[in-house]
Amino acid sequence: MKSHRTTFHRTWHGVRMRRAEASADPEAAPRAVTLPVAWDDSAAAALAGLAPGSGPVSLAAAAQAWISPITAAAREAGLDTALADRLHRLLLLRRGAPTKAVWQLDAAEGPGFVLNLPAFLDSDGQLDLVGLAEAAETAVLALSFAAPAVRDIDVGMADLAGLLAALGIDYTSETARDIGRAVACILRGRSDAASALAARLLGGARSASLEWPTPPDKLPVRGLHKAAEAARQAVVGAIGGDSASGGGGIRHRATTAIDRPDLTEALLGVESGGIAPAFSPVSQAGVLTQSARAWLATCGITVEEALAIALAGGSPIPIHGAAAHAAMHDAIAPFMHAMPPRPVPVVVAAGTARRRELPGRRAGYTQKASVGGHKLFVRTGEYDDGTLGEIVIALHKEGAAFRGLMDNFAHAVSLGLQHGVPLERFVEAFTFTRFGPAGAVEGDPAVRAATSLLDYAFRHLASNYLVRHDIPEAEIEEADTVGHGARDQSPLLPLDLPAEASPRARRRTLRVVSR
């Protein structure tokens, strides 16, 4: 009897694996996942969500499950390309993978394939253009045989920002947009040419035209213009002439699209979805992202130098917003069949939101406390006049995702303070927020109890910076009893009206009167 391992494709032989417990849905029970040892827990969670079923899953076996029927159909149609070798290798190198519908063997509607652009950089930092062209062709052929009745397929690219960072190209530059145009030209040309090949094998050819622009020239990436032009010429040969001469049209109405990121991107280790700029230089694990490290390396900046620049108030790693994203969207859109909505830059009227910079060396303090047994530190940064301009909420034993959200929340509040938002507004908005952990507060005599970590933080700040002692004390209730206790169910009588004068206090005590 053959062992389970012998059913794996030869591409996976010799690949060192690890096992993890993971789930794409926090509410679902975790699955036992086997994947390459270098792949992180985000990839494990993605595989748990992509692979059908709820039991143990191996990446090699899950890939074989959707690749086998595709290659069987391709052989029956007379395709002599080593399609199985290509697909397994794309996945192993994290260069490309299909969307969830293909993994679930249910590709009847909208099958897609994602190509991870930074994975096509070789060890010398050069873009593997032959591999990229082959990957686009492989993706179209795989989707054609996975869903032969579907005429709209989505082959897209991901992490253009990571590719540009590794090449040392500023995302906001015209050069960056030209590189994006050339890569999109390769993707479109090779995808449409592969669709023509699928039409010759499966039938159903339809007329097509070259309505998309010519690729830009004078590009800094070696061979990129030539590869883009070759991809365009491949379509000319595919749609010109008759079937006897190798032409005759393409099979699909649409082949390329930039879709919203999903589990496939997480499986491939994609850091920035589609053509969007990098959202942050720091990953969920609290370390620099690969694109941030690549940018520093290409600029010749060490991590220590980057830290020194940041401490001095500089920005060693550029972060771009909706305006840069919109410009890239406009550059890429003419080459693609489908795109997400164009990002809308936020226009701020001049003089209405001027940031007040904090001094490089500033006063403040650190308050250690415990809320319901969960330790946290609240650190403050002050202007020279003693007003609050920065807060940091550091957690002791929460998960990485929760810590990351809290870090970014505190940073957003700090930006608001520096742009003139009064602390009172934040206190009004975030006191009495109710979620776990909650309970008695230890280590801070100004606050006795809190309904959440945020509730504690803003009670503390209100006490120390606003001298506010009129905020009603927190009432700690179990999450599953809110709205079901005797007090909540009893009607509100006139004599029960609260005596507190503040609007916040009145809102906290009012109850709905049943009729």
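Residues numbered from 1 in each chain as written. Predicted model: local features only at pLDDT ≥ 70, side-chain atom pairs only at ≥ 80, totals over all residues. Heavy atoms only, no water.

**Brief notes about unusual backbone geometry**
Then, number 1: In this model, Leu105 sits at a positive phi of 60°, which is unusual for a non-glycine residue.
Then, number 2: You can see Leu105 is positioned in the loop between helix H4 (100-103) and strand E5 (112-116).
Then, number 3: The backbone of Asp159 shows a phi angle near 60°, a positive value even though the residue is not glycine.
Then, number 4: Structurally, Asp159 is set in the loop between strand E6 (152-158) and helix H6 (160-167). (Helix = DSSP H or I, 4+ residues; strand = E, 2+ residues; numbered from the N terminus.)

**Topic: the pairing of strand E9 (residues 374-382)**
When a strand is regular, its side chains alternate between the sheet's two faces.
Then, number 1: Taken together, the 6 bridges between strand E8 (residues 366-371) and E9 define a ladder with antiparallel strand orientation. Bridging across to E9, Thr366 finds its partner in Arg379.
Then, number 2: In terms of strand pairing, E9 meets strand E10 (residues 388-395) through 7 bridges, oriented antiparallel. Pairing of Gly381 across the sheet is with Glu390, part of E10.
Then, number 3: What sits between E9 and E10 in their antiparallel hairpin is a turn of 5 residues, with Gly386 showing a positive phi close to 90°. (Pairing = 2+ DSSP bridges.)

**A look at the nonpolar core**
Then, number 1: Counting 91 residues, the largest nonpolar core has Leu47, Leu59, Leu91, Trp103, Met157, Leu224 and Leu267 as its most contacted members.
Then, number 2: For this core, the element with the most residues is helix H5 (residues 129-146), which contributes 11 residues.
Then, number 3: Apart from residues no more than four positions distant in its own chain, Leu59 is found in contact with Trp12, Thr34, Leu35, Pro36, Trp39, Leu47, Leu91, Trp103 and Leu267.
Then, number 4: Core analysis: the next-biggest nonpolar cluster, separate from the first, contains 28 residues, Val371, Ala410, Leu423 and Ile471 among them. (Core = buried A, V, L, I, M, F, W, Y, C linked by side-chain atoms within 4.5 Å. Buried < 20%, exposed > 50% of the residue type's maximum accessible area, 1.4 Å probe, protein only. Contact = heavy atoms within 4.5 Å.)

**What about the confidence of the model for the protein?**
Any residue range with low pLDDT should be treated as having predicted coordinates unsuitable for detailed reading.
Then, number 1: Mean pLDDT for the protein: 84, with 88% of residues reaching 70 or above.
Then, number 2: At the low end of the mean pLDDT range in the protein sits helix H17 (residues 503-509), at 43; at the high end sits strand E4 (residues 96-98), at 97.
Then, number 3: Confidence over residues 1-6 falls short of pLDDT 50; this stretch has 2 contacts with residues more than four positions distant or in other chains. (pLDDT = per-residue confidence, 0-100.)

**Concerning the packing of H5 against helix H7 (residues 174-202)**
Then, number 1: In contact at an axis separation of 8 Å, H5 and H7 are set at 40° when each is read in the N-to-C sense. In terms of orientation, H5 and H7 fall into the oblique class. Here H5 and H7 pass one another in a crossing that is right-handed. Here Leu129, Leu132, Ala133, Ala136, Glu137, Val140, Leu141, Ser144 and Phe145 of H5 lie close against H7, whose contacting residues are Val183, Ile186, Leu187, Arg190, Ser191, Ala194, Ser195, Leu197, Ala198, Leu201 and Leu202.
Then, number 2: Classifying every residue of the contact of H5 with H7 gives 15 nonpolar, 3 polar and 2 charged. (Axes fitted to C-alpha atoms, helices over the stretch in contact; angles between N-to-C directions. Parallel < 35°, antiparallel > 145°, perpendicular 65-115°, else oblique. Left-handed = near helix turned anticlockwise from the far one by under 90°. Nonpolar A, V, L, I, M, F, W, Y, C, P; charged D, E, K, R; others polar.)

**Some thoughts on the packing of H7 against helix H12 (residues 322-332)**
Then, number 1: Packing of H7 against H12 brings their axes to within 9 Å, and their N-to-C directions diverge by 40°. Pair H7 / H12 crosses with right-handed handedness. Together, Ala176, Arg177, Gly180, Arg181 and Ala184 of H7 and Ala327, Met328, Ala331 and Ile332 of H12 make up the contact between the two elements.
Then, number 2: In terms of residue class, the contact of H7 with H12 is made up of 6 nonpolar, 1 polar and 2 charged.

**Comments concerning the sheet that holds E10**
Pairing between sheet strands relies on hydrogen bonds along the backbone, with the strands arranged either parallel or antiparallel.
Then, number 1: Strand order across the open sheet formed by 5 strands is E10-E9-E8-E11-E12, with antiparallel pairing between neighbours. Every interior strand has two partners, whereas the edge strands, E10 and strand E12 (449-450), have only one.
Then, number 2: As judged from the 2 bridges shared by strand E11 (residues 439-442) and E12, these two strands associate in the antiparallel manner. Counted as the bridge partner of Gly439 is Ala450 from E12.

**Topic: the side chain of Thr256**
Then, number 1: Along the chain, the position of Thr256 falls in strand E7 (residues 254-256).
Then, number 2: Among residues more than four places away in sequence, those in contact with Thr256 are Ile153, Val155, Leu187, Arg188, Ser191, Phe335, Met336, His337 and Ala338.

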